[in-house]
Amino acid sequence: MKLILLGAPGAGKGTQAEVICDKLGIPAISTGNLIRAALKEGTELGLKAKSYMDAGDLVPDEVVIGIIKERLAQEDCKNGFILDGFPRTVPQAEALDQMGVSIDKVLDIEVKDEDIMKRLSGRRVCESCGASYHVLYKPSKQEGICTKCNGKLVIRKDDEPATIASRLDVYHAQTEPLKEYYSKKGILSVVEGQEEVADTTKLTLAALEA
Ligand code: AMP
């Protein structure tokens, strides 16, 4: 199964990707997490991406396409994968087609902009493993500590209110056209994001089986 999760930043793609990953035993690949890991390691790619990320802009297509090509060539992707946060532009989707990757399903998680603002301001991420939490909707067992790896939970720099607004603008202008792109291919399913994670999960799993 090769899946794409579409949706605005904070719509819950990462959370649903984790659920599907556990259920189907295929890796969840987040380009955001890959870029943040490169940044932490201080690689050239990470340094190149930093200014775009901090401003809430997209990292240039050729950089992200290079990252995803390398990741999909790894052994654990041979039985399928879930893409979280890629593609984010039509040229990225075209690049995926040109790589010969045949996507089975695209799940579009829909959440209103005003709810996105609320969600992102409460998001906390683990600085070690990248796991994502929310102070109200998906709290860690111990405040400030990752339930999975005991890493420290931090606020992402690009989750600050001014940056959230520009990330939403970027989403509407550059990523939303992908809905039409995949709808024309007949592989798009819409999942209405719910306030409770468990409710969104039910809808996500139903969409997967449909
Ligand atoms: P995310 O963790 O998916 O919200 O991604 C965080 C940031 O990483 C985005 O705001 C972009 O700056 C960058 N990024 C992640 N995925 C992509 C992508 N597919 N194309 C361009 N930039 C990306």
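The shown structure was predicted, so the numbers you read here are calculated from the model rather than taken from an experiment. (Residues numbered from 1 in each chain as written. Predicted model: local features only at pLDDT ≥ 70, side-chain atom pairs only at ≥ 80, totals over all residues. Heavy atoms only, no water.)

Draft legend 1. Focus on the nonpolar core. In terms of nonpolar packing, the biggest core is built from 27 residues, with Ile4, Leu72, Leu83, Leu96 and Tyr182 touching the most fellow members. Contributions of two or more residues to this core are made by β1 (2-7), α3 (44-55), α4 (61-72), β3 (81-84), α5 (90-98) and α8 (177-184). For this core, the element with the most residues is α4, which contributes six residues. Contacts of Leu83, omitting those with residues within four sequence positions, involve Leu3, Ile4, Leu5, Ile29, Ile68, Leu72 and Leu96. Of all hydrophobic cores here, the second largest spans 20 residues; its members include Leu3, Leu5, Ile26 and Ile82. (Core = buried A, V, L, I, M, F, W, Y, C linked by side-chain atoms within 4.5 Å. Buried < 20%, exposed > 50% of the residue type's maximum accessible area, 1.4 Å probe, protein only. Helix = DSSP H or I, 4+ residues; strand = E, 2+ residues; numbered from the N terminus. Contact = heavy atoms within 4.5 Å.)

Draft legend 2. The site of the ligand, seen in detail. What surrounds the ligand is a group of 16 residues, the closest being Thr31, Arg36, Asp57, Gly85 and Gln92. Thr31 places a polar side-chain atom, nitrogen or oxygen, 2.8 Å from a nitrogen atom of the ligand. In this structure, an oxygen atom belonging to the ligand sits 2.6 Å away from a main-chain N or O atom of Asp57. If the ligand stood free it would expose 480 Å²; the protein chains cover 96% of that surface. Sorting elements by how many residues they give to the shell around the ligand places helix α2 (residues 31-41) first, with four residues. Of the residues contributing to the shell around the ligand, the split by class is six nonpolar, four polar and six charged. (Near = heavy atom within 4 Å. Polar contact = N/O pair within 3.5 Å; in protein donor to acceptor, adjacent residues only side chain to side chain. Areas by Shrake-Rupley, 256 points an atom, 1.4 Å probe, with all protein chains shown as cover. Nonpolar A, V, L, I, M, F, W, Y, C, P; charged D, E, K, R; others polar.)

Draft legend 3. Geometry of the side chain of Arg71. Locating Arg71 in the fold gives a position in helix α4. Not counting residues within four places of it along the chain, the set of residues in contact with Arg71 comprises Pro27, Ile29, Leu34, Asp76 and Cys77.

Draft legend 4. Representation of the layout of surface pockets in the model. Looking at the second largest pocket, its volume works out to about 550 Å³. Around the second largest pocket, the lining is made up of 21 residues, and of these Arg36, Ala37, Lys40, Cys126 and Glu127 lie nearest the centre. Broken down by secondary-structure element, the contributors of at least two residues to the lining of the second largest pocket are α2, α3 and β5 (123-126). The biggest single contributor to the lining of the second largest pocket is α2, with seven residues. Residue composition of the lining of the second largest pocket, by class: nine nonpolar, three polar and nine charged. (1 Å grid on protein atoms, 1.4 Å probe; cavity = no way out; pocket = protein on both sides within 12 Å on 5 of 7 lines; lining within 4 Å. Points joined across faces, edges and corners; volume = space filled by probe spheres on them.)

Draft legend 5. Broad picture of the pattern of salt bridges. Taken as a whole, this structure holds 15 salt bridges when the rule is applied. For Asp115, the salt bridge goes to Lys118, with nearest N and O atoms at 3.4 Å. Taken together, the residues Asp115 and Lys118, both in helix α6 (residues 113-121) and three residues apart, mark about one turn of the helix. With relative accessibility at 26%, the residue Asp115 sits in the partly exposed group. A network of salt bridges, in which partner residues are shared, links Arg123, Arg156, Asp158, Asp159 and Arg167. (Salt bridge = Lys/Arg side-chain N within 4 Å of Asp/Glu carboxyl O.)

Draft legend 6. Structural context of the sheet that holds strand β7 (residues 153-154). Across the sheet, three strands lie side by side as β6-β5-β7; this open sheet has antiparallel pairing. Both edges of this open sheet fall to β6 (132-134) and β7, since each of them pairs with a single strand only. (Pairing = 2+ DSSP bridges.)

Draft legend 7. Layout of α4. For α4, which comprises twelve residues, the first-to-last C-alpha distance of 16 Å matches the rise-based estimate of 16 Å (1.5 Å per residue) to within 8%. Every buried residue of α4 is listed here: Val63, Val64, Ile65, Ile67, Ile68, Arg71 and Leu72. In the core, the buried residues of α4 are packed alongside β2 (28-30), α2, α3, β3 and α5. (Expected span 1.5 Å × (residues − 1).)

Draft legend 8. Up close: the environment of Met99. Relative to the helices and strands, Met99 is located in the loop between α5 and β4 (105-110). A sequence separation of 30 residues divides Met99 from Lys69, and the C-alpha atoms of the two residues are 8.0 Å apart. Once you skip the residues sitting within four places of it in the chain, Met99 turns out to touch Ile65, Ile68 and Lys69.

Draft legend 9. Molecular detail of the sheet that holds β1. On the basis of which strands lie adjacent, the open sheet formed by five strands has the order β2-β3-β1-β4-β8 and parallel pairing. Of all strands in the sheet, those bounded by a partner on one side alone are β2 and β8 (188-192). Within this sheet the neighbouring strands show an average axis-to-axis angle of 25 degrees, counted without direction. Where β1 lies against β4, five bridges are found, and the strand directions are parallel. Bridge pairing links Gly7 to Ile109 in β4. Where helix α1 (residues 13-24) meets the sheet, its contacts fall on β1, β2, β3 and β4, and the angle it forms with β1 comes to roughly 160 degrees. (Axes fitted to C-alpha atoms, helices over the stretch in contact; angles between N-to-C directions.)

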